[in-house]
Amino acid sequence: MPYLAGEDSKRTRVEPVFRWLRTHGGPNWPGELIRLAGGIEPIEPGPLRRLALGPEATIPPSPERLAWMIRNAHRLAPWDGRAWREYRHRVLENPGREEALATLARGESSIPKDLVLEGPTHADCLIECEGCVISVEGKRNDWLGAGTKWDISRDQLARNAEAAWLWAGRCGAAEFRLLICHEHELKHHEQALLDGYRTGSWSAGWPHLSQQTRNHLAARIGTLRWNVIVHRWPAMAKEPELSDVV
């Protein structure tokens, strides 16, 4: 049977870790999780309100993102280069293009399907606290996606950070954090993306956002190894799926 890396990381890491924390972690485990992560400032998230673990929570793209893709369809490169001709039929020659842009400018997202060039972002785990939303992207033997079907520069790190920010706004939370929980050393492209967003030297995943917003998002991306979590809560290692954490 073929190995499904993404499915394995959700089933063998994300679900058992956060099920255990929900039951045994005590009242302050979300804040402790943030303090364990690298690359972000500690924050007290407040009392836990909700843990969305499964099925995966989905966050739709913002009207600003969808509008930017429509306006710049002629400049975008799809993941499969053979599909670039579809842009002309789907977007550039679409008679509803201007009406869709007007709809998006009003903050509405109900536009024709052909003009929707990005789908919802899936969060492995969403931790909603009184003052902060924590979004978790779990990796084991898989890695952050480098692009989407219609935009090879719209990487998973950029999507997930923006989605966490949008979700926090809808929940009325003042803050958010994105945690990349991983098993092994980050891959070369993952570390390059992370460094690029943090230093401001790379912004291709967020062309529709202002520099101020990009800086805001980048400062809230943290990384955390699964073994650090298990070391902090060693009783967690008794879970069958977590006994082999490296």
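What counts and how
- Residues numbered from 1 in each chain as written.
- Predicted model: local features only at pLDDT ≥ 70, side-chain atom pairs only at ≥ 80, totals over all residues.
- Heavy atoms only, no water.
- Axes fitted to C-alpha atoms, helices over the stretch in contact; angles between N-to-C directions.
- Helix = DSSP H or I, 4+ residues; strand = E, 2+ residues; numbered from the N terminus.
- Parallel < 35°, antiparallel > 145°, perpendicular 65-115°, else oblique.
- Left-handed = near helix turned anticlockwise from the far one by under 90°.
- Contact = heavy atoms within 4.5 Å.
- Nonpolar A, V, L, I, M, F, W, Y, C, P; charged D, E, K, R; others polar.
- Buried < 20%, exposed > 50% of the residue type's maximum accessible area, 1.4 Å probe, protein only.
- Salt bridge = Lys/Arg side-chain N within 4 Å of Asp/Glu carboxyl O.
- Phe/Tyr/Trp six-rings, centres within 6.5 Å; stacked < 30°, edge-to-face > 60°.

### Here we look at the packing of helix α3 (residues 63-71) against helix α5 (residues 97-105)
When two helices pack together, their arrangement is given by the angle between the helix axes and by the axis-to-axis distance.
At step 1: Packing of α3 against α5 brings their axes to within 9 Å, and their N-to-C directions diverge by 155°. Taken together, α3 and α5 sit at an angle that is classed as roughly antiparallel. Helix-helix and strand crossings are classified by hand; for α3 and α5 the assignment is left-handed. Between α3 and α5, the residues in contact are Pro63, Leu66, Ala67, Ile70 and Arg71 and Arg97, Ala100, Leu101 and Leu104, respectively.
At step 2: When its residues are assigned to classes, the contact of α3 with α5 shows seven nonpolar, no polar and two charged.

### A look at the environment of glycine 172
At step 1: Within the secondary structure, glycine 172 sits in the loop between α6 (156-171) and β6 (175-182).
At step 2: Overall, glycine 172 belongs to the exposed group, its relative accessible area being 59%.
At step 3: In the structure, glycine 172 is positioned 41 residues away from glycine 131 in sequence and 8.1 Å away in space, judged by C-alpha atoms.

### What about the pattern of salt bridges?
At step 1: Following the criterion strictly, the structure yields 24 salt bridges and no others.
At step 2: A salt bridge links arginine 35 to glutamate 44; the nearest nitrogen and oxygen atoms lie 3.8 Å apart.
At step 3: The salt bridge involving glutamate 93 is made with arginine 88; its shortest N-O contact spans 3.7 Å.
At step 4: Look at the salt bridges and you will find they share partners, linking Asp8, Arg11, Arg13, Arg140, Glu183 and Asp244 into a network.

### Considering the packing of aromatic side chains
At step 1: Using the criterion set out here, one finds three aromatic pairs in the structure.
At step 2: For the ring pair phenylalanine 18 and tryptophan 29, a centre distance of 6.2 Å and an interplane angle of 55° mean the geometry is tilted. Placement of phenylalanine 18 in helix α1 (residues 5-24) and of tryptophan 29 in helix α2 (residues 29-36) is noted, with a sequence separation of eleven residues between them. Both residues of the pair, phenylalanine 18 and tryptophan 29, belong to the buried class.

### Describing the packing of α6 against helix α8 (residues 211-218)
At step 1: Between α6 and α8, the shortest axis-to-axis distance is 10 Å and the interhelical angle comes to 95°. It follows from the interaxial angle that α6 and α8 lie roughly perpendicular. In this structure, α6 contributes Ala161, Glu162 and Trp165 to the contact, and α8 contributes Thr213, His216 and Leu217.
At step 2: In terms of residue class, the contact of α6 with α8 is built from three nonpolar, two polar and one charged.

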